[in-house]
Amino acid sequence: MELDPTSSDTVMCGPHALLPAPIPRKYFYQLADVQIYINELLYLISKDYDFIRETLKSASVYDDFTGRLLNILETTLKEDIADAGVLALLRSDYFLDGSIDEMLPKMVEINTIASGAGAIQSNLTPVHKYTTQLLGGRCDVEKSLPANNNIEQYSKAFVKAWEIYNTPKAAIIFVVSRTERNVFDQRLIEFGIKKFNWDIPIKRVTLMDIGSKGKLSDDRRLIVDGTEVAIVYYRDGYIPSHFKSETEWNAVFMAARSRAICCPNVSLHLAGTKKVQQVIAKPGMVERFISNPDKVKAIRATFTGQYSLDIGAEGDEAIAMAITSPENFVMKPNKEGGGNNIYGVDIRTKLLEIQKTSERNAYILMDRILPVTVPGYKVVSSTELPKLQNMVSEFGMFGALVSDGNDVVLNEFAGHLVRTKPKILYTKDVTLPAFTRNTLEASNYSAPPRLNK
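Residues numbered from 1 in each chain as written. Predicted model: local features only at pLDDT ≥ 70, side-chain atom pairs only at ≥ 80, totals over all residues. Heavy atoms only, no water.

Trainee: It is not clear to me how the overall build of the protein should be interpreted in this structure. Could you clarify?
Mentor: The secondary structure content of the protein amounts to 15 helices and 17 strands. Taking all 453 residues of the protein together, 53% fall into the buried category. Contacts in the protein between residues far apart in sequence, at least 24 positions, make up 76% of those at least 6 positions apart. Carbon and sulfur atoms provide 51% of the accessible area of the protein, an area that totals close to 20400 Å². (Helix = DSSP H or I, 4+ residues; strand = E, 2+ residues; numbered from the N terminus. Buried < 20%, exposed > 50% of the residue type's maximum accessible area, 1.4 Å probe, protein only. Contact = heavy atoms within 4.5 Å. Areas by Shrake-Rupley, 256 points an atom, 1.4 Å probe, with all protein chains shown as cover.)

Take a look at the structure:
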């Protein structure tokens, strides 16, 4: 019998690069440190409901998904539902923009929901150490390949949030899809939590399970299938296609109105939208939330140009700019999940189609980042041998923040993720040296082990 490739009974090799992607040491340090500031920034944005409401007002007119999340937020505010606590598990993604002689890490986006794949990446580090050692290089592999502590850091944040909820028999629920393919990444975090405290109940449920089997007690405790819930961890529910019926929406609404700690809560989910990130990139906007000039400078150094497409003079100017030179930009909808961006001449086509409608409010424009390339091999689940090809790497930095509802009690860098892919269209023909036995030592394009401060 042929197995369904989407079935949890089917085990597949996770696609990965045969060799680690090089990054200058100073940038690895820089991005790891700045993630702590970004955690703080996103947390403070999520607490500024007026800012979220005003920033997303125009986008929500056309974008029903954003509109429904805003409506849920408004309901919780009207009912004066205080957060029992906050658990934020974030990931900021970057490309190295420029050339071998002059490059800078530039932010692609900040993810505030379902920020995954770090646990899988944690187990890839030993594989890369092994393959690098097989090359017989003279470099210190232990020093040049940083340890990845995502599982430990995420698990510690979960336990801290569970302790804040302060009900021993209350469970952490992982909200997953009915055809979940990323099981191992999630299970590794589950096992990590159990290493800290074996007695914490952990269950895997779907949005449908919550919507159909869940209820709120008189004191707003979330009960799902007879179990009180301390933490609702969303690994599903971040794109419209995850909501097949009103039952799934009722699940999110119920969880938001409960005393359970949602990861993320609705306001933090909205804080990660593309429109919010576009507004935050404006001069002076980071300063609205963070007063420390060194933190502001470090955050803003990672930004690239972002532009509003809202109806009005500012949006008209951005549209004219993109129609003239579409190859210089990326057009992004206010959606998560990947695969939604528009590139090249397709930007011109789309803008000419919507420039006189309110649909344009649901998009933003961003300067195109042109990452350097590195020759490498992609390993996939097939019988075909990997072939040498030019690759680009996106570097993700994880962060974990926990608040007890009043004060931040944990704010840390939580490991890294590198996603290496074949060279994409419109990428500059700029190439780093091939990753050979001497590359780590000679080029210094590597990162040292990360030490928690």
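Trainee: Help me out: how do you make sense of helix α6 (residues 150–165) in this one?
Mentor: In an α-helix, one turn spans 3.6 residues; hence positions three or four apart end up facing the same way. Compared with the 22 Å implied by 1.5 Å per residue over 16 residues, the 23 Å span of α6 between its first and last C-alpha is a close match. Residues of α6 that are buried: Asn150, Ile151, Gln153, Tyr154, Ser155, Ala157, Phe158, Val159, Ala161, Trp162 and Tyr165. Positive backbone phi, approximately 65°, marks Asn166, located one or two places after α6. (Expected span 1.5 Å × (residues − 1).)

Trainee: Before we go on, may I ask you to explain the packing of helix α4 (residues 118–134) against helix α7 (residues 183–196) in this structure?
Mentor: Packed helices, taken two at a time, are described by the angle between their axes plus the distance between the axes. In contact at an axis separation of 7 Å, α4 and α7 are set at 85° when each is read in the N-to-C sense. On the basis of their axis angle, the class for α4 and α7 is roughly perpendicular. Across the interface between the two elements, Gly118, Ala119, Ile120 and Asn123 of α4 pack against Phe184, Asp185, Leu188 and Ile189 of α7. Of the residues in the contact of α4 with α7, the class split is five nonpolar, two polar and one charged. (Axes fitted to C-alpha atoms, helices over the stretch in contact; angles between N-to-C directions. Parallel < 35°, antiparallel > 145°, perpendicular 65-115°, else oblique. Nonpolar A, V, L, I, M, F, W, Y, C, P; charged D, E, K, R; others polar.)

Trainee: I tried to follow the pattern of salt bridges on my own but got confused; where do I start?
Mentor: Charged atoms that come close allow side chains of opposite charge to pair. For the structure shown, the criterion picks out 26 salt bridges. Between Arg235 and Asp185 there is a salt bridge, with the nearest N and O atoms lying 2.7 Å from each other. Here Asp185 lies in helix α7 and Arg235 lies in the loop between β8 (227–234) and α9 (246–257), a separation of 50 residues in the sequence. Across the pair, Asp185 and Arg235 agree in class, each one buried. The partner of Glu314 in a salt bridge is Lys282, and the shortest N-O contact between them spans 3.9 Å. You can see Glu314 sitting in helix α13 (residues 313–324) and its partner Lys282 sitting in the loop between α11 (274–280) and α12 (293–300), a full 32 residues away along the chain. Salt bridges here are not isolated pairs; linked through shared partners, they connect Arg91, Asp93, Glu394, Arg419 and Lys421. (Salt bridge = Lys/Arg side-chain N within 4 Å of Asp/Glu carboxyl O.)

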